[in-house]
Every structure is written in C-alpha cells, then in structure tokens.
Amino acid sequence: AQTVTQSQPEMSVQEAETVTLSCTYDTSESDYYLFWYKQPPSRQMILVIRQEAYKQQNATENRFSVNFQKAAKSFSLKISDSQLGDAAMYFCAYRSGYGGATNKLIFGTGTLLAVQP
Amino acid sequence: DSGVTQTPKHLITATGQRVTLRCSPRSGDLSVYWYQQSLDQGLQFLIQYYNGEERAKGNILERFSAQQFPDLHSELNLSSLELGDSALYFCASSTGAGNTEAFFGQGTRLTVV
C-alpha cells in the first residue's frame, strides 16, 4: 500500500522569505502523480501544484515549485517570497496513475505553515 | 469557487441519529469522491462513484453508505452516529479520466453531540 509522510507538523516563515515543506512517499508503482494541496482557515482544499512521476522536470507554479526526487521518493514544496495569504495547512498527496485504478488521493498528515509579518 | 457544491455546510446532531450529506459535482464530472477529515485520522478516502456505479471503497464504516444518482449528484448517509464521527466531510469530483484533477467542495462540518 502507498503511504505519504510529512514529518514537519508545523513550520514558520517570515514574510518575503522562502520556506520548504518536506514530503516523502512509499510506493511500488512507477506511474503516479504527486500533489500539494493548501487548506486555509476557510477549510477549502486548493490544489497548489502537481507532478507527474514520468516527468523529470520539477513543476513550477508562480512562487511555488517542487523538488521531485523519484529515486529517494521525496517531493518537497518550496514557497518563495512568502505572503501572509500563504498561511495554511499544506497536504502532500499521492495518486496512482494506472489506468482503471481509482483516482483516490492518499494524503499525508499535513504541515501547518505560519507566515510572520 | 471549485464548482463542487456541498450541503449543508454545518450539521449538529445527536448520537444515534442519521444524517445525509449532499454533493453536486462540477458540470461534466462523472466521478465523485468522499473524504473524511478528522483530528485523529487525518484525511481519509471513504468511497468513489463513477457515473452512478461504486468504483472504489476506502476506510468507510458499515454504518456509512453512499450513492450517486442519475443526475450525478451524490449523497453520503451516516447512521447510528457516534461522537467519533464528528469530522469534516469533503466531496471531490473529477472527469474520471486518469490524469485529471479532483476538485474539492467546501466540506460539511459534522458535529455529533
């Protein structure tokens, strides 16, 4: 069974600084997707970024980028120029890429990010 | 706005009762997923429906059931409620194709007293 581990329950960053959130996963599959979701106090689950396992290039979305190390099964999220609105719980998630499989997401336990003004 | 609508937003009920949570997926999405978010269990997949048929089951209790109707909306039924069922219940939808995203509703906060 696949598992996702987030070892940092809480992180803090100064506004305008850079922070990296860690995530490791375990799978025997070769085809899968990895995601970072943001959950602000409004509770809404918002997709931040996704990475296909077959792509070597790290995904980037504006100030958000990932460091995907497939061999190490590591998938960290870097937030540059942190803003007060980035304060939220961040979840790392895994999804199998095999055709016919459920597209269910397997989530880590989350990292609560605080942004200090 | 993700396009996924969940009702109600909040629900307070007593132990032993039964409740129904409703989800309307995004227009065009055939797949609906239900997740439970609780303090002790984290975010857990409960069940998935695709075009009216159950596709996958996760850690869903026997007291819980779900269905997806011909208009593709879905309902999650929780019965014989216990204090430990208090949680945030999310619905998500996707087209169902392999590499498409799942979009989440705002969740239903269930409190069992």
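The rules behind these values
- Residues numbered from 1 in each chain as written.
- Chains lettered and ligands numbered in written order.
- Predicted model: local features only at pLDDT ≥ 70, side-chain atom pairs only at ≥ 80, totals over all residues.
- Heavy atoms only, no water.
- Helix = DSSP H or I, 4+ residues; strand = E, 2+ residues; numbered from the N terminus.
- Rg over C-alpha atoms; globule rule 2.2 N^0.38 Å.
- Buried < 20%, exposed > 50% of the residue type's maximum accessible area, 1.4 Å probe, protein only.
- Contact = heavy atoms within 4.5 Å.
- Areas by Shrake-Rupley, 256 points an atom, 1.4 Å probe, with all protein chains shown as cover.
- Lys, Arg positive; Asp, Glu negative; His and termini not counted.
- Charge placed at Lys NZ, Arg CZ, Asp CG, Glu CD.
- Salt bridge = Lys/Arg side-chain N within 4 Å of Asp/Glu carboxyl O.
- Polar contact = N/O pair within 3.5 Å; in protein donor to acceptor, adjacent residues only side chain to side chain.
- Core = buried A, V, L, I, M, F, W, Y, C linked by side-chain atoms within 4.5 Å.
- Pairing = 2+ DSSP bridges.
- Axes fitted to C-alpha atoms, helices over the stretch in contact; angles between N-to-C directions.

Student: Just to check I follow, could you spell out the overall build of chain B for this structure?
Tutor: When its secondary structure is counted, chain B shows zero helices and 11 strands. Counting helices and strands in the order they occur from the N terminus, chain B gives β-β-β-β-β-β-β-β-β-β-β. For 113 residues, the compact-globule estimate of 2.2 N^0.38 gives 13 Å, and chain B sits close to it at 13 Å. Here the C-alpha coordinates of chain B stretch approximately 40 × 30 × 25 Å along the principal axes. Buried residues in chain B amount to 50% of all 113 residues. Of the contacts formed within chain B by residues at least 6 apart in sequence, a portion of 54% connects residues at least 24 apart. Carbon and sulfur atoms form 47% of the exposed surface of chain B, whose accessible area is close to 5300 Å². Of the side chains in chain B, 8 bear a positive and 11 a negative charge, and the two mean positions are spaced by 3 Å.

Student: Sorry, what's going on with the pattern of salt bridges here?
Tutor: When the charged atoms of two side chains with opposite charge come close together, those side chains can pair. All names here are of chain A. Here the structure, examined in full by the defined rule, presents eight salt bridges over all chains. For the salt bridge of Glu52 with Lys55, the shortest nitrogen-to-oxygen distance reads 3.9 Å. On the basis of relative accessible area, Lys55 is assigned to the partly exposed category, the value being 38%.

Student: Sorry if this is basic, but what is going on with the side chain of B:Ser38 here?
Tutor: All names here are of chain B. The topology assignment puts Ser38 in strand β4 (residues 31-38). Separated by 3.1 Å, the side chains of Ser38 and Asp40 make a polar contact. A distance of 3.2 Å separates a polar atom in the side chain of Ser38 from the backbone nitrogen of Gln41. In this view, Ser38 contacts Ser86 and Ala87; residues no more than four positions away in its chain are not counted.

Student: Can you help me understand the nonpolar core in this one?
Tutor: If you look at soluble globular proteins, the nonpolar side chains tend to sit buried side by side. Residues A:Tyr25, A:Trp36, A:Phe75, A:Leu77 and A:Tyr90 are the most contacted members of the largest nonpolar core, which totals 26 residues. A per-element tally of this core places strand β10 (residues 88-96) of chain A first, with four residues. Ignoring anything within four residues of it in the chain, the contact list for A:Leu77 reads A:Val19, A:Thr20, A:Leu21, A:Trp36, A:Ile49, A:Phe64, A:Ser65, A:Val66 and A:Tyr90. If you look at the next biggest cluster of nonpolar residues, it comprises 20 residues, including B:Val4, B:Val19, B:Val32 and B:Ala66.

Student: It is not clear to me how the sheet that holds strand β8 (residues 74-78) of chain B should be interpreted in this structure. Could you clarify?
Tutor: Backbone-to-backbone hydrogen bonds join strands into a sheet, with any given pair of strands oriented parallel or antiparallel. Residue and element names in this part refer to chain B. The strand order across the open sheet formed by four strands is β1-β3-β8-β7, and the pairing between neighbours is antiparallel. At either end of the open sheet lies a strand with only one pairing partner, and these are β1 (5-7) and β7 (64-68). Here the average twist between neighbouring strands, direction ignored, is 15°. As paired strands, strand β3 (residues 19-24) and β8 are joined by five bridges and run antiparallel to one another. Residue pairing for β8: Val19 is matched across the bridge by Leu78.

So far we have only geometry, and geometry alone does not tell us how the molecule works.
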